[in-house]
Each structure stands twice: as structure tokens, then as C-alpha cells.
Amino acid sequence: MKIKLKNYWPHILAFVIVVFWAINTSVDTMKWDMRRQELDNELYSQHCMNLGENTTEDQAKTCAKVEKRRNQTYSFFPLLSEEIDFRFRVSPTVFILLIIVPSGMYISKYLKNRILLTENNRQSYKKSLRKAFKKSYAMAFVLPASLLLVFALFFWYTKSFDFSSFEDYTMTPWRLETMKYPLLFLGSWLLNTTMICLFYVNCNLFISRKFHNYFISTILTFLMIIGIELFFEIVVNSLICRLIFHSEIGIVFNIFSLHTFLDSFGVLPTLTFSTVLCILSFVAVGLAYRNKEKLVLDCEKNI
């Protein structure tokens, strides 16, 4: 068991970092909510305890809202919005590097050091590849696991998936129709994030097939993902969807929003995009590694 854990040390390190970050930001969000309750109570005691005859309609409405919120914990989705939009959110490049840097270590080691050739003499080619791929794909589940932890912490804090406090908002991060089915929504969110993470890993495996040098393959994978996002943003979203079809559905074609879930056009379009993209990336990896003889020859060139 110790040997297996040792082999997965980059994954464990990344997981510990992300989990620590998720817990820290979640606790900050819950502290913010407690402070909000204190401010509401102070506001109520200072301005709303003794409303006189000269009270304006706006003051009465404000005090009514404060009275309604007093000593009430924010519901699950407003807290989650605060967490995702202001605390858990970071540059997309951080998430890309977090996934591709550890995931590329093993496949590069297998190919560059010709470990694959040694193992191929003892076991089948497919089994050798599965062993190398398994360690790479493990990184795809680090971010979804941290999101699941955030969901669990906020549910523990709020004790429900209530979204009623969002109903008075003119704008919300997610559609009310989506939040009516919280388990389906959060499950779709986790699935979408997992699909995009798997796509990142597959990009790394695809590049590593040709470039066995770890640093070169990591840089090229990073540039490849950036290039694909620019293609979706400029060509698909701006030119095709907006200019030709006069539609905003192009925002669905986004591989950078790992920390949140875009449901402007419903859950199905976003999930369909990430699923199709993930499947196509698996097909590309399968085609890249299908020729055993050519891969063996390429590995033998490494000295």
C-alpha cells in the first residue's frame, strides 16, 4: 500500500492543496455570513426598533427586509454563489496547470525512460498503457472532489438546499428552474467539471505521444488548451453564433469555467458539449496510441 501511495504523490499533493484551499475559502464564506447577520442586527437595532410616523416608505421596506433576514443563515445557493464568484474563483490557467503538470509526469516517464518497453515484455501492450494512463487520469478527479467538499460543507452549514432568498433577485448566477432540482444540478455540475478535467488529461496524453520530454509536452499541452478555448471563443462564439446566427448560446462552448456551471440555456447543452468534447478526446488518444509497433520504435529512439 505504501508503494502505491508513493507512486501517486503528485496527486496527493495537489489534492491536499486544493482541499485546504476549498476548506479555507468555505470557512471564510461562512464567517462572512455570520458577520452579515451581526450587521443586520445592528442595523435593525439602530434604525428600525422605533419607527415613527415620519418613516418613509423606503425605510419601512428596508427595515422589513432586515427583519426578515435577522438571525437567519443564508440559504445554500446564495452562499455557494458568494464562494464561487468571490473566493474559490481563480485564473483558469491555475486549474489547467494543476491538472496537466502532475498528470503528465507518468506518461512522460513511461515513454522517455522506455519503461513501457520493459513492461511490454512481461504483459500485454494494452495492460501496460492502462497502467500508465490510470495514474494520469487520477488527476481529473481532484477538482471535482474539492467541489464536492464545498457542497457538503455548505449543506452542513445551511441544513437545506433552499433558494428562496434568490427569488427577490433580478439577476442570479443560476436559473431558478435549475435550482429547483438541487441534486440534479449539483450532480451535473460535478459531471461537467470531471468531463473537462478528463479532456485536459487527454490533451496531455495526446501531446505526450509525440513529445516524450515532460517539460515540452506540458508547455505544448497548455498552449493547445489555450488555443482550443480561443477557437471556441473567437470562431464559434463570436463569429458563428453571434454574427451569423445572432445567438448567445456560444457561451456554452467554454472549457475554462471549471469552478462553476453555465446553465443560461439549461443543463443539457452544457453537459452535451462537455460530454462530446470528452468523448472526442478519448477517441484522439486511442488513435494516437493504437499503433504498438510505431510507439515502440519511437520509445527506442530515447537514449
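Below you will find a few notes about this structure.

Criteria and thresholds
- Residues numbered from 1 in each chain as written.
- Predicted model: local features only at pLDDT ≥ 70, side-chain atom pairs only at ≥ 80, totals over all residues.
- Heavy atoms only, no water.
- Helix = DSSP H or I, 4+ residues; strand = E, 2+ residues; numbered from the N terminus.
- Expected span 1.5 Å × (residues − 1).
- Bend = angle between axes of the 7 residues up to and from the residue.
- Phe/Tyr/Trp six-rings, centres within 6.5 Å; stacked < 30°, edge-to-face > 60°.
- Buried < 20%, exposed > 50% of the residue type's maximum accessible area, 1.4 Å probe, protein only.
- Lys NZ or Arg CZ within 6 Å of the ring centre and 35° of its normal.
- Lys, Arg positive; Asp, Glu negative; His and termini not counted.
- Salt bridge = Lys/Arg side-chain N within 4 Å of Asp/Glu carboxyl O.
- Polar contact = N/O pair within 3.5 Å; in protein donor to acceptor, adjacent residues only side chain to side chain.
- Contact = heavy atoms within 4.5 Å.
- Axes fitted to C-alpha atoms, helices over the stretch in contact; angles between N-to-C directions.
- Parallel < 35°, antiparallel > 145°, perpendicular 65-115°, else oblique.
- Left-handed = near helix turned anticlockwise from the far one by under 90°.

What to know about helix H5 (residues 92-112)
Then, number 1: Compared with an ideal rise of 1.5 Å per residue, which puts 21 residues at 30 Å, H5 spans 29 Å between its outermost C-alpha atoms and is within 8% of the ideal.
Then, number 2: At Gly-104, H5 shows its maximal bend, which comes to roughly 30°.

Describing the packing of aromatic side chains
Aromatic rings in a pair are described by how distant their centres are and how their planes are angled relative to each other.
Then, number 1: Throughout the structure, instances matching the rule amount to 20 aromatic pairs.
Then, number 2: Ring centres 5.1 Å apart and planes at 85° place the aromatic pair Phe-76 and Phe-77 in the edge-to-face group.
Then, number 3: Looking at Phe-76, the relative accessible area reads 0%, which means it is buried.
Then, number 4: Under the relative-accessibility criterion, Phe-77 is labelled buried at 0%.
Then, number 5: Each member of the aromatic cluster is reached from another via a ring pair, and the members are Phe-76, Phe-77, Phe-151, Phe-155, Phe-161, Trp-174, Phe-185, Trp-189 and Phe-261.
Then, number 6: Over the ring of Trp-156 we find Lys-159, and its NZ or CZ is 5.4 Å from the ring centre.

Remarks on the side chain of Asp-263
Then, number 1: Residue position: Asp-263 is located in the loop between helix H11 (214-244) and helix H12 (267-289).
Then, number 2: One buried charged side chain, Asp-263, makes no salt bridge at all; its nearest oppositely charged neighbour is Arg-175, positioned 4.3 Å away.
Then, number 3: Engagement of the side chain of Asp-263 in a polar contact is seen with the side chain of Thr-178, the distance being 2.7 Å.
Then, number 4: Ignoring sequence-local partners within four residues, the contact set of Asp-263 consists of Pro-173, Trp-174, Arg-175 and Thr-178.

A short note on the packing of helix H10 (residues 182-210) against H11
Then, number 1: Where H10 contacts H11, the axes come no closer than 9 Å and their chain directions differ by 130°. By the angle class used here, H10 and H11 are oblique. The handedness of the crossing between H10 and H11 comes out as right-handed. Seen from H10, the contacting residues are Phe-199, Tyr-200, Cys-203, Asn-204, Phe-206, Ile-207 and Ser-208; seen from H11, they are Ser-217, Leu-220, Thr-221, Met-224, Ile-225 and Ile-228.

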